[in-house]
Amino acid sequence: MCKIDLEKIKGRISESRAGFNDIAVQGTWNVKYINPAGLSDEELLTAVIYAYNTLSGERDIYYPITKSRIRKYLGWSNYKICKIVASIPEVTVTPIWNDEGRLRGKGYVVKSLINN
């Protein structure tokens with residue numbers, strides 16, 4: 001298990017592109033960019049999850065990110081994603097419900113967003 005510094009992660013996420021290698025995490029209405037330089041795999045994955053969770057802006061709502069979206073942004077395999085998520089205590093798995101109240105799948109959320 002590795003401890004992730006969320007303040008370091010938040011400092012790497014911005015609303016505008018800063019560099020050529022930035023990772024764009026895209027939602028329905030807005031985009032957040034992550035500067036991956038110098039981040040470990042655990043920190044990078046946490047940054048992608050945190051950026052996607054907070055795409056709603058100022059509203060008190062978070063959006064869980066699915067494994068397929070993480071694959072889209074980072075190009076990693078399912079095995080690598082599951083292995084890294086299991087080693088990060090700040091990330092939890094949460095159910096995703098559809099509009100009819102049925103279970104649609106599972107997603108990943110940074111725990112500090114759920115507790116707030």
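What this report covers is the structure whose coordinates are included nearby. (Residues numbered from 1 in each chain as written. Predicted model: local features only at pLDDT ≥ 70, side-chain atom pairs only at ≥ 80, totals over all residues. Heavy atoms only, no water.)

A look at the packing of helix 3 (residues 67-74) against helix 4 (residues 78-86)
Okay, so step 1: Taken N-terminus to C-terminus, the directions of helix 3 and helix 4 make an angle of 105 degrees; their axes are 10 Å apart at the nearest point. Between helix 3 and helix 4, the angle falls in the class roughly perpendicular. Contacts from Lys67, Ile70 and Arg71 of helix 3 reach helix 4 at Asn78, Ile81 and Cys82.
Okay, so step 2: Partitioned by chemical class, the residues of the contact of helix 3 with helix 4 number three nonpolar, one polar and two charged. (Axes fitted to C-alpha atoms, helices over the stretch in contact; angles between N-to-C directions. Helix = DSSP H or I, 4+ residues; strand = E, 2+ residues; numbered from the N terminus. Parallel < 35°, antiparallel > 145°, perpendicular 65-115°, else oblique. Contact = heavy atoms within 4.5 Å. Nonpolar A, V, L, I, M, F, W, Y, C, P; charged D, E, K, R; others polar.)

Some details on the environment of Asp41
Okay, so step 1: In this fold, Asp41 is placed in helix 2 (residues 41-53).
Okay, so step 2: Sequence separation of Asp41 and Ile23 is 18 residues, and the distance between their C-alpha atoms is 13 Å.

A word on the pattern of salt bridges
Okay, so step 1: Under the counting rule described, the total for this entry stands at three salt bridges.
Okay, so step 2: A salt bridge links Asp41 to Lys80; its shortest N-O distance comes to 3.4 Å. Of this pair, Asp41 sits in helix 2 while Lys80 is found in helix 4, placing the two residues 39 residues apart along the sequence.
Okay, so step 3: Residue class for Asp41 comes out partly exposed when judged on its relative accessible area of 33%. (Salt bridge = Lys/Arg side-chain N within 4 Å of Asp/Glu carboxyl O. Buried < 20%, exposed > 50% of the residue type's maximum accessible area, 1.4 Å probe, protein only.)

A short note on the packing of helix 2 against helix 3
Okay, so step 1: Here helix 2 crosses helix 3 at 115 degrees, and the two axes come no closer than 11 Å. When the axes of helix 2 and helix 3 are compared, the crossing they make is right-handed. Packed against helix 2, whose contacting residues are Leu44, Leu45, Val48, Ile49 and Tyr52, the element helix 3 presents Arg69, Ile70, Tyr73 and Leu74 at the interface.
Okay, so step 2: Split into classes, the residues belonging to the contact of helix 2 with helix 3 amount to eight nonpolar, no polar and one charged. (Left-handed = near helix turned anticlockwise from the far one by under 90°.)

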